[in-house]
Amino acid sequence: MSNDAATATATEPGATEQEPPAHGLGASLPSADSRAKAEGTFPYASDLWAEGLLWASILRSPHAHARITAIDTSAAAAMPGVRAVVTHADIPGDTAHGRTVADRPVFASDLVRHHGEPIAAVAADHPDTARLAVAAIAVEYEVLEPVTDPEKAFAAEPLHPDGNLIRHIPLRYGDPDVTGDVVVEGLYRIGRQDTAPIGAEAGLAVPRPDGGVELYTASTDPHTDRDLAAACFGLEPDRVKVVVTGVPGATGDREDSGFQLPLGLLALKTGCPVKLAATREESFLGHAHRHPTILRYRHHADAEGRLVKVEAQILLDAGAYADASSESLAAAVSFACGPYVVPHAFIEGWAVRTNNPPSGHVRGEGALQVCAAYEGQMDKLAAKLSIDPAELRLRNVLATGDLLPTGQTVTCPAPVAELLRAVRDFPLPELPMDTPEDEWLLPGGPEGAGEPGAVRRGVGYGVGMVHMLGAEGQDEVSTATVKVHDGIATVICAAVETGQGFTTLARQIVQETLGIEEVHVASVDTDQPPAGPATHGRHTWVSGGAVERAAKMVRTQLLQPLAHKFGMSTELLQIADGKITSYDGVLSTTVTEALDGKELWATAQCRPHPTEPLDENGQGDAFVGLAFCAIRAVVDVDIELGSVRVVEMAVAQDVGRILNPRQLAARIEAGVTLGVGAALTENLRTTRGVVRHPDLTGYALPTALDAPDIRIVKLVEERDVVAPFGAKPVSAAPVVASPAAVASAVRAATGRPVSRLPIRPQAAVVTTAP
């Protein structure tokens, strides 16, 4: 999408366009590190170096389920250049870790529960030596039958001392005996999407003279990583420091401590700096993926298409360990009916352990899976009732003041009908000309497409919702400090920039509040107060709110002497374009003159209103806020070959307030593209729990040629009064809605049910033209 298109979407039709501000909120301020990243000089974790550096390598299990009967590290330890070998026996503190449940061993000791589980680690003076030493470690396995079907996990022998069931959520809402005039059922399966980060995991551990250690990693939650590391190393938290280095993008993959803990153990044992740079295969095997999910649905509606009752069973495959499965299941169950009014809902949700690769935080977790299923059901209802699919959805959409099936009232802006109408009414793209030079527009490209006459066009819809911040009673808090000296402002906040644009937003907030154009954001480490993880758009709301409060406190310090001098309150003074003026024009000076060499600073916290856990019936005010997105997908399908080309994605989104137009458009485009990958190509395949192709040749990411034309047709700026600046995070909602929209469009083109993501070619093949 061009910049012109991005600008146009922020303006209502017929409105007068205003010149965007040069800085502050509402400006398309570029990222401070964009030039360094473009030129290749940005310091990522894999670029780190230290004097006397050793290299680490990790031995990983080739089996999905096995009993370890012996580990012999003697051959590896005897190799020239090898400085240390560590296993579970060398851990001085806690041998298991986990952000919510400490159930994941640092190194497997008796059982291997998934393919790629760490067993030992080596530090050597050369990376090749480290890898050879890892290969020399002799491990004897008794291979066990893996449990890879989550439906069989209920009756299988326990894979973990905590059992196979991680969480069960029964949601009961309304009358179970109510039925509708029309009933449709469906079984849906969602695959295992990997986060596939641009840069694989890397880090550097440096031992300290006091017996502690410093970890330089691309962490997205440094304080939690520090606490987990300290517990593993048997140290007090103040003797472990985590320094965040350049994060090459993150959609949840940077939250796994399995790469950091072996690194720190080796540094402490050798007394030398140790570096780890994971291979792409290690990256695939080590970090968490999107939960594969099985969903069974039954929708009841009246003769006019209005929903009466939704029944569903949702089963999340957590892999070997709990990780974020409890939170993901809560989102899946709570949003199982989608952004639609449902007077009666009965949902059963489970998350279970298997011997499959681990699952965890991936953008839109839980919500994406159920969106694909409930939108499939809406398409079935529309077909059965002969109602236009968009019209059927419009008859059922949520609005502010409605109730979720959890019993929580939607108090935030919920312009779902407005979003859906916007994408429905947006002009459809023109059909491609049937000429040789346009063959690349056909599904499969010029060499992969069949006859143009076999191509069918389909239009489909996806309407998604996500929660913002944590849920179910999580304490969301962030701390920030703003300092001003010599006309330059500095923001100190442990909110990690993962590509979501927080550092740019922090600069804009200070520019807006203090009128100071030059704003620096300090690098992040655990010497700063905690800001929490970079998930669910937290830092836009919580950390941005903390920065705003600190900046306003500095503003008061700046304006108070002037207000006192002129006998007025600070509320009668305003700061704009670097100037301070009074309401009556008597006072007019610059911010620089008012500072007069003084150093001002303030520290503030932001903590949103509390939430509560879901009760035994799945009821409770579990979420701080919600965000919505509607997408219309246009696809071309070769009904003989089953190949699919996404022609266009029209997006309308509820954003609260546009803080940075260019950055917002980029986040929406990225979210849509991630969703298209989940819809068509991305699936980390396994055979008996073993990952088949843990590389970027076997795992098909969408490229620039696969990305559709993305049209942001409407951005609804209805401010959420409880959110700082009234803004809502934007990147997760389009991820959730886009796979459902693509599947809906393929159904429209082929007449096939399309109940599995990613969509297989055979699911889009028809024997006769629809």
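This one's a predicted model, so the numbers in the text were calculated from it and none came from an experiment.

Novice: It is not clear to me how the overall build of the protein chain should be interpreted in this structure. Could you clarify?
Specialist: When helices and strands are counted, the protein chain shows 17 helices and 31 strands. Across its three principal directions, the C-alpha atoms of the protein chain cover 85 × 75 × 60 Å. Burial statistics for the protein chain: of 770 residues in total, 59% are counted as buried. Within the protein chain, counting contacts between residues at least 6 apart in sequence, those at least 24 apart form 80% of the total. Summed over its atoms, the accessible surface of the protein chain is roughly 29700 Å², and 51% of this surface lies on carbon and sulfur atoms.

Novice: Whenever I open this one, the confidence of the model for the protein chain confuses me. Can you help?
Specialist: Do not read the fine detail of predicted coordinates wherever pLDDT is low. For the protein chain, the average pLDDT comes to 90, and 94% of its residues sit at 70 or higher. pLDDT under 50 marks residues 1-16. Its contacts with residues more than four places away, or in other chains, come to 16 contacts.

Novice: When you look at the pairing of strand β19 (residues 478-485) in this model, what are you seeing that I'm missing?
Specialist: It is a general feature of regular strands that their side chains alternate between the two faces of the sheet. A large share of β19 lies buried, amounting to six of its eight residues. The pairing of β19 with strand β25 (residues 600-606) spans seven bridges and is antiparallel. Paired with V484 across the strands is L600, a residue of β25. With six bridges joining them, β19 and strand β20 (residues 488-493) adopt antiparallel strand pairing. Looking across to β20, one finds that H485 is bridged to I488. Adjacent in sequence and paired antiparallel, β19 and β20 are bridged by two residues, among which D486 carries a positive phi angle near 55°.

Novice: Please explain the pattern of salt bridges as it appears in this structure.
Specialist: Note on pairing: side chains with opposite charge can pair once their charged atoms come close. Taken as a whole and assessed by the stated rule, the structure comprises 34 salt bridges. One salt bridge in this structure joins R131 and D128, with 2.6 Å as the shortest N-O distance. Here R131 pairs with D128, and both are found in helix α4 (residues 127-136), just three residues apart, close to one helical turn. Given the relative accessible area of 42%, R131 is considered partly exposed. When the shortest N-O distance is used, the salt bridge between E648 and R711 registers 4.0 Å. Of the two residues, E648 sits in strand β27 (residues 644-654) while R711 sits in strand β30 (residues 709-716), which places them 63 residues apart along the sequence. Among the charged side chains, a network of salt bridges with common partners joins E375, D379, R393 and R747.

Novice: Honestly, the packing of helix α13 (residues 502-514) against helix α14 (residues 538-566) in this entry has me stumped. Any pointers?
Specialist: The angle between the axes and the distance between the axes are what describe a pair of packed helices. Where α13 meets α14, the closest approach of the two axes is 9 Å, and the angle between their N-to-C directions is 30°. In terms of orientation, α13 and α14 fall into the roughly parallel class. Taken as a pair, α13 and α14 cross one another with a handedness that is right-handed. Counting all contacts with α13, which are made through F502, L505, A506, I509, V510, T513 and L514, the residues of α14 involved are H539, T540, S543, G544, V547, E548, A551, K552, V554 and R555. For the contact of α13 with α14, the class distribution of residues is nine nonpolar, five polar and three charged.

Novice: What should I look at first to understand the packing of aromatic side chains in this one?
Specialist: To describe a pair of aromatic rings, one takes the distance between the centres and the angle between the planes. Taken as a whole, this structure holds six aromatic pairs when the rule is applied. With 5.9 Å between their ring centres and 85° between their planes, F154 and W350 make a pair best called edge-to-face. Here F154, found in the loop between β8 (138-143) and β9 (165-173), pairs with W350, found in strand β17 (residues 344-352); they are 196 residues apart in sequence, far enough to count as distant. It is K37 that lies over the ring of F42; its NZ or CZ is 4.9 Å from the centre.

Novice: Teacher, can you tell me more about the nonpolar core here?
Specialist: Note on soluble globular proteins: their nonpolar side chains tend to be buried together. Counting 165 residues, the largest nonpolar core has Y297 and V742 as the members making the most contacts within it. Top element by residues in this core is helix α17 (residues 732-750). It accounts for twelve residues. When sequence neighbours within four positions are dropped, the list of residues in contact with V742 reads A633, V635, V646, M649, V676, A679, L680 and I759. L54, V106, A230 and V240 belong to the second-largest nonpolar core, a separate cluster that totals 30 residues.

Novice: Looking at this model, I keep getting lost on the environment of Y44. Mind explaining?
Specialist: In this structure, Y44 sits in the loop between α2 (34-39) and β1 (54-60). Apart from residues lying up to four places away in sequence, Y44 is in contact with K37, G246, V247 and P248.

Novice: I'm lost on helix α16 (residues 661-680) in this one. Help?
Specialist: Residues spaced three or four apart along an α-helix point in a common direction, a consequence of the helix completing one turn every 3.6 residues. Between its first and last C-alpha atoms α16 spans 29 Å; for 20 residues at 1.5 Å apiece the expected length is 28 Å, and the two agree. When we look at burial in α16, the residues that qualify are L664, A665, R667, I668, G671, V672, L674, G675, V676, G677, A678 and A679.

Novice: Help me understand the state of the cysteines, please; the structure alone is not making it clear to me.
Specialist: Formally, a disulfide is one covalent bond, and it connects the sulfur atom of one cysteine to the sulfur atom of another. One pass over the full model with this rule turns up zero disulfides. The closest cysteine sulfur to the non-disulfide-bonded C337 is located on C371, 12 Å from its own sulfur. By relative accessible area, which is 3% here, C337 ends up buried. Counting only cysteine sulfurs, C371 is the nearest neighbor of C629, a cysteine outside any disulfide, at a range of 9.1 Å.

Novice: Is there a simple way to think about the sheet that holds β20 in this case?
Specialist: The strands making up a sheet associate through hydrogen bonds between their backbones, and the pairing can be parallel or antiparallel. Within the open sheet, the four strands sit side by side as β21-β20-β19-β25. Their pairing is mixed. Each having just a single partner strand, β21 (519-521) and β25 make up the two edges of the open sheet. The sheet shows a mean angle of 20° between the axes of neighbouring strands, taken without regard to direction. Where α13 meets the sheet, its contacts fall on β19, β20 and β21, and the angle it forms with β21 comes to roughly 145°. Relative to β25, α14 is tilted by about 145°, and along the sheet it contacts β19, β20 and β25.

Novice: Would you explain the packing of helix α9 (residues 367-385) against α17 in this entry?
Specialist: Where α9 meets α17, the axes come as close as 8 Å, and the angle between the chain directions of the two elements is 30°. When the axis of α9 is compared with that of α17, the two are roughly parallel. For the pair α9 and α17, the sense of crossing is right-handed. Across from A367, L368, C371, A372, E375, G376 and D379 in α9, the residues of α17 making contact are V735, V736, A737, P739, A740, S744 and R747. Split by residue class, the contact of α9 with α17 holds nine nonpolar, two polar and three charged.

Cut-off values and rules
- Residues numbered from 1 in each chain as written.
- Predicted model: local features only at pLDDT ≥ 70, side-chain atom pairs only at ≥ 80, totals over all residues.
- Heavy atoms only, no water.
- Helix = DSSP H or I, 4+ residues; strand = E, 2+ residues; numbered from the N terminus.
- Buried < 20%, exposed > 50% of the residue type's maximum accessible area, 1.4 Å probe, protein only.
- Contact = heavy atoms within 4.5 Å.
- Areas by Shrake-Rupley, 256 points an atom, 1.4 Å probe, with all protein chains shown as cover.
- pLDDT = per-residue confidence, 0-100.
- Pairing = 2+ DSSP bridges.
- Salt bridge = Lys/Arg side-chain N within 4 Å of Asp/Glu carboxyl O.
- Axes fitted to C-alpha atoms, helices over the stretch in contact; angles between N-to-C directions.
- Parallel < 35°, antiparallel > 145°, perpendicular 65-115°, else oblique.
- Left-handed = near helix turned anticlockwise from the far one by under 90°.
- Nonpolar A, V, L, I, M, F, W, Y, C, P; charged D, E, K, R; others polar.
- Phe/Tyr/Trp six-rings, centres within 6.5 Å; stacked < 30°, edge-to-face > 60°.
- Lys NZ or Arg CZ within 6 Å of the ring centre and 35° of its normal.
- Core = buried A, V, L, I, M, F, W, Y, C linked by side-chain atoms within 4.5 Å.
- Expected span 1.5 Å × (residues − 1).
- Disulfide = S-S within 2.5 Å.

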